[in-house]
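Listed here are the chains, written in short residue letters.
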Amino acid sequence: MARAAVLGRLTWRVATVVAVRPENARAVTIVLDVPGWPGHLAGQHVDLRLTAEDGYQTQRSYSVASAPDGDQVELTVVEVDDGEVSEYLTTTVAAGDQLEVRGPVGGWFVWRPDAPGPFRPVMLVAGGSGLVPLMAMIRVRAESAAKAPFRLVYSVRDTGSLLYREELDRLSRKDGGLHVTFAFTRTAPPGSAWRAGRITARLLAEAGWPSVDEPDVFVCGPTGFVESAANLLVDLGHDPQRIRTERFGSPGGRP
Amino acid sequence: MTQSRLDGNALAGNLSEIFRVDITAAFGQCTHCKNGGPVAETWVFSSAAGMVARCPVCAEVVLRLVRDTGRAWLDLSGLDCLQIAIPDDPPPA
Amino acid sequence: MAIVSRGFKGRGRSSDPDLPPGQYLVTDFPVLSAGPTPRVDLRRWQLKLVTETGDTQTWDWPALQALPREDITVDLHCVTKWSKLGTRWTGISLDTLLDGITTAAGFALVGSYGGYTTNLPLADLRDGQAWIAFSYEGGDLDPEHGGPARLLVPHLYLWKSAKWVNEIRLQEQDTQGFWESVGYHNYGDPWQEQRYWGD
């Protein structure tokens, strides 16, 4: 049975925004300084709490995007239509501002580079902002010595919606053990080998690991995407017990 | 509509206030249909003032969690039990 | 004490002296649920009223629609602190449904398609305080908001207004419903801010 993840402090702690980096026209990465951060595993998330001056309070969950790095934690937020929190985080928040975070939490949807047991390749299937926790896995892998081979299938609306494009290109060129396939559902770039359209069994079979290789599979994105992708993977012969999923209620974070 | 449904990963934050170890990775057996799996794979419906986790096989309620200021209510009666991994101390050198 | 995040305002809301304590006004209509939205075929829809002796009266959709209906304008107060004023509904008063029913019961347990339940005193369903509502703002009630029909009891917090209502069971003893058994207040008067046990 998997080793349990030990949790961070039980209560809310204050995080200070160090920087805000645009990722695309509708997404930013927020770099937080969280004094006493206990570290985290790739795939874990935090709950973020915001309080307005009149006392109104609301929370959302965001996956940690970065590999562990002392007190620094990065979250990537995609703006959601009518999203009161994502709008604030993508347009207003700035260096010096303070937010409250609780975590890291989540012990199921995690990847450990040093997991005991037989060597397994890893397959990552991302729908939109579902890439964020998988990017943490990719970044942790980049820093680790023993590298399980990774294949990422990243389904996204169009090139304007891509996250971490340059970094993914750079990392996949670096050691040959990370293979990335972009699948555009609305508008594919000219000359792309993949036609625009929803994720299919053929795409997963060709861009992912064959089921005989028994990869560990992580699927993340909106609920509908995760359920389609997981069903297709099982149809392709992947063992359901080796498929881990995380559903987002809406792009950019879970209310 | 399926978009309104999350999974048990969404319980992790609130459960972390109550349990010392992560419960979302724990395996539970549904009282109603006796199927089992990780809490992380349950269907979660979040009502802002309460969270409900349902068995992904039979859709019956397996867990309910309500949070007020300074207190919480947790109902696990929809689970026969939980199998929880607890980190052991390393063996003495 | 939580820290305030500079510049965070949240979606449009205001406080209004006419609101119950702790509530704020919204202009949208949030959807909160304890389970998947049931899809109910009107050809099979039924509402049962069961007394403490087991006497049962059942209405199918045409029978419900044939009853005298009322157009009402009411305020909604959710335990999660949002309130929506002046909402317009059409429905059948519980007084109409209870007319002619013989009962000594003091309590009601209301049930829904999908298994949700909520409890309240029978007196709170009478005297123009409750409706089986099937139309919202001039249109059919959306399944997300409880359609084809929901209970509407606006003087209590909105969790008492059971969506997808299909049964009203009259009882001599009070029984806690879905949320009442896991922390929500047994009665739920917004004007006394009765959100949770002991409030």
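All figures in this text were calculated on a predicted structure; none of them were measured in a lab.

Parameters and conventions
Residues numbered from 1 in each chain as written. Chains lettered and ligands numbered in written order. Predicted model: local features only at pLDDT ≥ 70, side-chain atom pairs only at ≥ 80, totals over all residues. Helix = DSSP H or I, 4+ residues; strand = E, 2+ residues; numbered from the N terminus. Buried ≥ 20, exposed ≤ 12 C-beta atoms within 10 Å, placed from the backbone. Contact = placed C-beta atoms within 7 Å. Core = buried A, V, L, I, M, F, W, Y, C linked by C-beta atoms within 7 Å. Domains from an automatic or database assignment. Pairing = 2+ DSSP bridges. Axes fitted to C-alpha atoms, helices over the stretch in contact; angles between N-to-C directions. Expected span 1.5 Å × (residues − 1). pLDDT = per-residue confidence, 0-100.

On to the overall build of chain B. When its secondary structure is counted, chain B shows 1 helix and 8 strands. Its helices and strands in sequence order give chain B the pattern β-α-β-β-β-β-β-β-β, from N to C terminus. A buried classification covers 46% of the 93 residues belonging to chain B. Taking contacts inside chain B between residues at least 6 apart in sequence as the whole, the part at least 24 apart equals 48%.

Among the nonpolar cores identified, the biggest contains 138 residues, and Leu124 and Leu134 of chain A together with Ile132 of chain C are the most heavily contacted of them. Here this core spans two domains, since at least three of its residues come from each of domain 1 (13-105) and domain 2 (122-248) of chain A. Discounting residues that sit within four places of it in the chain, Leu124 of chain A has contacts with Leu134, Met137, Phe150, Leu152 and Phe218 of chain A.

Moving on: the pairing of strand β5 (residues 50-54) of chain B. Residue and element names in this part refer to chain B. Judged by how many residues are buried, β5 sits mostly within the fold: 5 of 5 residues are covered. Of the strand pairs in this sheet, strand β4 (residues 43-46) and β5 are connected by 4 bridges, and their pairing is antiparallel. Residue pairing across strands places Trp43 opposite Arg54, the latter belonging to β5. Here 5 bridges tie β5 to strand β6 (residues 61-68), and the two strands are oriented antiparallel to one another. Residue Val52 lies in a different strand from β6, and its bridge partner there is Arg64.

Residues and elements named next belong to chain C. Read across the open sheet, the 5 strands follow the order β3-β2-β11-β6-β7; overall the sheet is mixed. Two strands close off the open sheet at either side, each with one partner strand: β3 (56-60) and β7 (117-121). For this sheet the average axis-to-axis angle between neighbouring strands, irrespective of direction, equals 15 degrees. Bridging between strand β6 (residues 107-112) and strand β11 (residues 165-171) involves 6 bridges; their strand directions are antiparallel. Bridge pairing links Ser112 to Val165 in β11.

Below, the discussion takes up the interface of chain A and chain C. On the side of chain C, 12 residues touch chain A, which itself brings 16 residues to the contact. Of all elements in the fold, only β3 (45-51), β4 (57-63), α1 (84-91) and β6 (98-105) of chain A reach the threshold of two or more residues within the side of chain A that touches chain C.

Right, let's talk about helix α2 (residues 131-143) of chain A for a bit. Residue and element names in this part refer to chain A. The end-to-end C-alpha separation of α2 is 18 Å, in line with the 18 Å expected for 13 residues at 1.5 Å each. Burial analysis of α2 places 11 of its 13 residues in the buried class, the great majority of the element. Inspection of α2 places Leu131, Val132, Pro133, Leu134, Met135, Ala136, Met137, Ile138, Arg139, Val140 and Arg141 among the buried residues, and these make up the whole buried set.

Moving on, we come to the pairing of β6 of chain C. Extensive coverage of β6 of chain C is indicated by the burial of 5 of its 6 residues. Turn length for the β6 of chain C-β7 of chain C hairpin, with the two strands adjacent in sequence and antiparallel, is 4 residues, and the turn residue Gly114 of chain C shows positive phi of about 100 degrees.

Bringing the confidence of the model for chain C into the picture now. Low-confidence regions, as indicated by low pLDDT, have predicted coordinates that should not be scrutinised in detail. Here chain C averages 95 in pLDDT, and 99% of its residues register 70 or above. Listed scores for the predicted complex are pTM 0.90 and ipTM 0.88.

Moving on: the sheet that holds strand β1 (residues 6-7) of chain B. Strand order in this open sheet of 5 strands is β1-β4-β5-β6-β7 (chain B), and the pairing throughout is antiparallel. Pairing within the sheet leaves two strands with one partner each, and these edge strands are β1 and β7 (71-75) of chain B.

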